Amino acid sequence: MIPNPDQIRSAVRYAASAAIGLAWMGAAQAATPYTLGVSDKLSIKVVQWKAASSTFDEWTALAGEYVVGADGNVNFPMVGPTEGVGKTSAELAAALGSALQQSLGLSTPPTVSVEVAAYGPIYVSGDVGTPGEYAFAPNLTVVKALALAGGERRTAEASARPEREILTTSGALDVLEDEHRRLLVRRARLDAELAGHDEIAIPPELEATDDLQALLTAETAILSAQRRQAAAQSSSLADQVTLLQRQIEAFEQKQTGAEAQLATAREQLARITTLSDDGLALASRVAALQTNVSDLEARLLDTETTMLQARQDIAAAEREQSRLTDQRISDLSLERQTVGGQIAALQLKIATQRGLVQEAALYTGVAVPGDRAAQYSYFILRDSEEIPAELTTPLEAGDVVVARLEISP
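Now for a description of the structure that goes with this document. Predicted, not measured: the structure shown is a model, and the values here were computed from it. (Residues numbered from 1 in each chain as written. Predicted model: local features only at pLDDT ≥ 70, side-chain atom pairs only at ≥ 80, totals over all residues. Heavy atoms only, no water.)

### A few points about the overall build of the protein
(1) Moving on: Each helix and strand counted, the protein has 6 helices and 11 strands in total.
(2) Moving on: Relative to its full complement of 409 residues, the protein shows a buried share of 28%.
(3) Moving on: For the protein, restricting intrachain contacts to residue pairs at least 6 apart in sequence, the fraction spanning at least 24 positions comes to 64%.
(4) Moving on: Carbon together with sulfur atoms contributes 55% to the accessible area of the protein, which is approximately 24900 Å² in total. (Helix = DSSP H or I, 4+ residues; strand = E, 2+ residues; numbered from the N terminus. Buried < 20%, exposed > 50% of the residue type's maximum accessible area, 1.4 Å probe, protein only. Contact = heavy atoms within 4.5 Å. Areas by Shrake-Rupley, 256 points an atom, 1.4 Å probe, with all protein chains shown as cover.)

### Some thoughts on the pairing of strand 4 (residues 73–76)
(1) Moving on: A one-sided burial pattern is seen for strand 4, the buried positions being Val74 and Phe76 and the unburied ones Asn73 and Asn75.
(2) Moving on: Bridge count for strand 4 against strand 5 (residues 80–83) is 4 bridges, and the pairing is antiparallel. Looking at strand 5, one finds that Asn73 is bridged to Glu83.
(3) Moving on: Linking strand 4 to strand 5, which pair antiparallel, is a turn of 3 residues; within it Met78 sits at a positive phi near 70°. (Pairing = 2+ DSSP bridges.)

### Some thoughts on unusual backbone geometry
(1) Moving on: Of note, Met78 is a non-glycine position whose phi angle comes to about 70°, a positive value.
(2) Moving on: Of note, Met78 is situated in the loop between strand 4 and strand 5.

### Points about the side chain of Glu219
(1) Moving on: The topology assignment puts Glu219 in helix 5 (residues 212–277).
(2) Moving on: Other than its neighbours up to four places away in sequence, Glu219 contacts Val185, Arg186, Arg189 and Ile200.

### Remarks on the pattern of salt bridges
(1) Moving on: Under the counting rule described, the total for this entry stands at 13 salt bridges.
(2) Moving on: Note that Asp399 and Arg382 form a salt bridge whose closest N and O atoms lie 2.6 Å from each other. On the criterion of sequence distance, the pair formed by Asp399 in the loop between strand 10 (385–389) and strand 11 (400–407) and Arg382 in strand 9 (residues 374–382) is long-range, its members being 17 residues apart.
(3) Moving on: Among the charged side chains, a salt-bridge network with shared partners connects Arg189, Glu193, Glu219 and Arg328. (Salt bridge = Lys/Arg side-chain N within 4 Å of Asp/Glu carboxyl O.)

### Description of the nonpolar core
(1) Moving on: Among the nonpolar cores identified, the biggest contains 36 residues, and Val124 and Leu395 are the most heavily contacted of them.
(2) Moving on: Taken together, the elements giving at least two residues each to this core come down to strand 1 (41–50), strand 4, helix 2 (89–104), strand 6 (111–118), strand 7 (121–126), helix 3 (142–148), strand 9 and strand 11.
(3) Moving on: Leave out the neighbours within four places in its chain, and Val124 touches Pro131, Gly132, Tyr134, Ala145, Leu146, Ala149 and Val401.
(4) Moving on: Counting 20 residues, the second-largest nonpolar core is a separate cluster that includes Leu183, Leu206, Leu332 and Val339. (Core = buried A, V, L, I, M, F, W, Y, C linked by side-chain atoms within 4.5 Å.)

### Quick notes on the environment of Thr141
(1) Moving on: With respect to the helices and strands, the residue Thr141 is situated in the loop between strand 8 (132–135) and helix 3.
(2) Moving on: In this structure Thr141 comes out as buried when scored by relative accessible area, which is 14%.
(3) Moving on: C-alpha of Thr141 to C-alpha of Pro394: the two residues are 253 residues apart in sequence and 4.2 Å apart in space.
(4) Moving on: If we skip the residues at most four places from it in the chain, Thr141 touches Leu391, Thr392, Thr393, Pro394 and Leu395.

Written out as structure tokens, the structure is:
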């Protein structure tokens, strides 16, 4: 059957379009030639030109499919392991032809053709719709790999869950963060008390907080009240010690007077006793002086006992002062430790709640209030190395693409 002119013109246009397409693809491939990677399947053929018979002799025994192994080599008959990773198909073909010529002692190398029958896979994991293994293709980028894996993670419940979920989780997160700020200021106040400072140092985490001044005012008032109470207790004990010291001074003066009187009375008693022995003084006079000496000795003993009691009271007041100081430091340290534990626990709760906000945003598709919008980050695992990536980053066969959903702190 002879084709009509329309069929001929249609065939010509198709052939021209195909030629243009092939030329464009060839140019694209020439611009960025593909280099072989691990797990690539190769279709290799070997042909030798026989000039005597003007024919091509195909070496069917060597033809077939080969795989680039984990060591990066292609195990080819008569040649052995030949490095393939990092080479283009043409470079590997040339290397195999030269190796065959050398190993077989040929005058000219045979013609080797290498074509990629199937590319090694890539892997997509993390926060994507369908993590798993996918076929590699030239010019594959991160965004194309995400498309193969169903895109960034979403669920079928996105339209079913109400926006109230976002409001609830965000509100709970606000409460936790507010409590966290209050505890940070309280810890700063306790640090100021322990250090004996009159002002509270602003925690670095709260320098840009809107309600910082209100929090500082409240804790500063507590700091002032605590210092006044401690000062009042210390002043009361100091006054008590001062009073006792004055009492001791007064009794010391009395003691000095009593000792002088006692010395005089003892001298008189000694003289009168001598006169009485000589019959020059009455015995009643001696008895009266003895009574006077005994009274003075008793008064002196009472004064010394009172002074000893006052000194004991001063020691007790000083011990109480030390006890109150130690107790205050102990109470402040214990409260500081408790607040530190509460801050650590709140930080864990806040991290968990942020994850819940993130999940709620994924389920609902609603914009997260404030600065907590979830963002994706990507990286590639290649040869045990973690490489940060963008959506347009090109991939290689064997790469592992990981998508992570992160929420702004």
